[in-house]
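Notes for the structure review
Listed here are the chains, written in short residue letters.
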Amino acid sequence: MITNFSLNDNTQKEILKHLETTSKLLSKVGTELSETQKESMIYAMPDLGIAQNGTRMLGGFYTGACYSWNSDVPFVPVDTTVNVCGTTVYKLNQKITVQEFQKRLDNVMKNRETYLKYVSTHLPSQILDSIDLEKSDKFYWNYNVGNHFAILAEQNDDNSELAKGQYMIVHASAIELKKDNLKYGLYPIEGNWYYDDIKTMYDDKENRYLRYIYGKKAIQFSELANMLQRINKDRNRYFCKTVLGELAEEEVINLSHYGMPTNNAVCIGCQWEQEDFTLLTAPGNDIFLVHPNLTAPNTVELSNKEITLTPHGCGVMLKNSGDTIEYIDNGILIGNKYFKKGESINIGNDVTVRTNNMDTEHVKQHIETVLDRCPGTIYGQMHQLFARTKYGDFDYTKRVIEPEL
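The structure reproduced in this document is the subject of the present report.

This paragraph deals with the pattern of salt bridges. Oppositely charged side chains are able to pair whenever their charged atoms sit close together. Scanning the entire structure with this criterion turns up 18 salt bridges. Put simply, lysine 138 and aspartate 180 hold a salt bridge, and the shortest N to O gap is 3.8 Å. Of this pair, lysine 138 sits in the loop between helix H5 (125-129) and strand S6 (149-155) while aspartate 180 sits in the loop between strand S7 (165-173) and strand S8 (199-203); the two residues are 42 residues apart in sequence, bridging distant segments of the chain. On the basis of relative accessible area, lysine 138 is assigned to the partly exposed category, the value being 28%. Salt bridges sharing partners connect three or more residues here, namely Asp106, Lys110, Arg388 and Asp393.

Now the structure itself:
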């Protein structure tokens, strides 16, 4: 079953068709393991969209949704490719230049010792012992890879509830428990601690499958995901405070939007903690801070735990309104491009961010539409001054404002 909080655009209509099959497969696994009828529920968010990870979508999982299931026997669908990702926002106690922020980032990210100090003092001993720190290409500060970033932004509005000033915003996941950690990593990589225990449920009619682990390995998986949530929050906090040093005034937000809120659910690209959250938009666009409405329909109960599901951004959509998504020949066809397991989708070339190329006013209108579906109140709107991403460093203070005609 699906609870639909999406905007029902073309991309989301395409995805929702395939999520019906994902839900059926989750229910089927729970039913077979429990030997009694079990159901699943997928909550599709306003930013439901294309995932960057081909393995995830081939398993039936897209970004901007919460996947939940019932079962008397613990199981976890592994193609959710669980890691824990989140955003952290820190207020600065004084304004600095873009050049100063960039220099501070370089002093941390280009200094191997800062990373080694973090892992040696903050990672649990068993996790530290499971990674090879000599492999600097595997374990490092990863705030400029994938869709991760480090941003300097500014709040100038006198009427805003958010205090005026500058803010550091980061978005990243803990690389220490990803595919290069075979002993504790949660990605379904051949040779890791649970790979040989993976089972597969097929739906030949739809050219689909669902891979999962169950029993003790599933319990261990959930426990690691829970621990990882704490690790990633601490990691983002440490990074921000190390970069800012004496400039760090206050932690404003530190939330996960990817992980397991319960042992029977995975959130991909949506928050579940009942706290203020960031709404990310597109490179260079304003970033919004929101108070969630805890009495709205997106507050649900999972495993006797009340959570509030909120979107973490605007999501990624198909490039053309007429594009479709098809599962064929052990792969997935997105628009006119074919992807196999293990391949990545290039955001910007293969697909596009929903609010890309929107001006400030249209972005604000889109955010208001999002908040109609998952109610909340904007209490801060921050302008980006600088961003470090996988594409490089961007000084948005140098943007040319086109004159109105």
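The subject of this paragraph is the sheet that holds S8. Pairing within the open sheet is antiparallel, and its 3 strands lie in the order S4-S9-S8. A strand with exactly one partner marks an edge of an open sheet, and here the two such strands are strand S4 (75-77) and S8. In this sheet, adjacent strand axes meet at a mean angle of 30° when their direction is disregarded. Judged from the 3 bridges that link them, S4 and strand S9 (residues 208-214) form a sheet pairing that is antiparallel. Looking across to S9, one finds that proline 77 is bridged to tyrosine 212. Set on the sheet, helix H1 (residues 10-34) makes contact with S4, S8 and S9; between it and S9 the angle comes to about 40°. Those strands touched by helix H6 (residues 216-244) are S4 and S9, and its axis lies near 90° from that of S9.

Right, let's talk about the packing of aromatic side chains for a bit. As enumerated under the stated definition, the model contains 16 aromatic pairs in all. Ring geometry for tryptophan 193 against tyrosine 194: centres 5.0 Å apart, planes inclined by 85°, an arrangement best described as edge-to-face. Overall, the relative accessible area of 14% leaves tryptophan 193 in the buried class. By relative accessible area, which is 0% here, tyrosine 194 ends up buried. Where tyrosine 212 meets tyrosine 214, the ring centres are 6.4 Å apart and the plane angle is 45°; that geometry is what we call tilted. Among the residues examined, tyrosine 212 registers a relative accessible area of 8% and is labelled buried. Take tyrosine 214: its relative accessible area is 39%, and that puts it in the partly exposed class.

Time to look at the environment of cysteine 314. Positionally, cysteine 314 belongs in the loop between strand S17 (310-311) and strand S18 (316-318). Along the primary structure cysteine 314 and valine 363 are separated by 49 residues, whereas in three dimensions their C-alpha atoms are 9.5 Å apart. In this view, cysteine 314 contacts Asp47, Leu280, Thr281, Arg354, Thr355, His366 and Ile367; residues no more than four positions away in its chain are not counted.

Quick notes on the rules
- Residues numbered from 1 in each chain as written.
- Predicted model: local features only at pLDDT ≥ 70, side-chain atom pairs only at ≥ 80, totals over all residues.
- Heavy atoms only, no water.
- Salt bridge = Lys/Arg side-chain N within 4 Å of Asp/Glu carboxyl O.
- Helix = DSSP H or I, 4+ residues; strand = E, 2+ residues; numbered from the N terminus.
- Buried < 20%, exposed > 50% of the residue type's maximum accessible area, 1.4 Å probe, protein only.
- Pairing = 2+ DSSP bridges.
- Axes fitted to C-alpha atoms, helices over the stretch in contact; angles between N-to-C directions.
- Contact = heavy atoms within 4.5 Å.
- Phe/Tyr/Trp six-rings, centres within 6.5 Å; stacked < 30°, edge-to-face > 60°.

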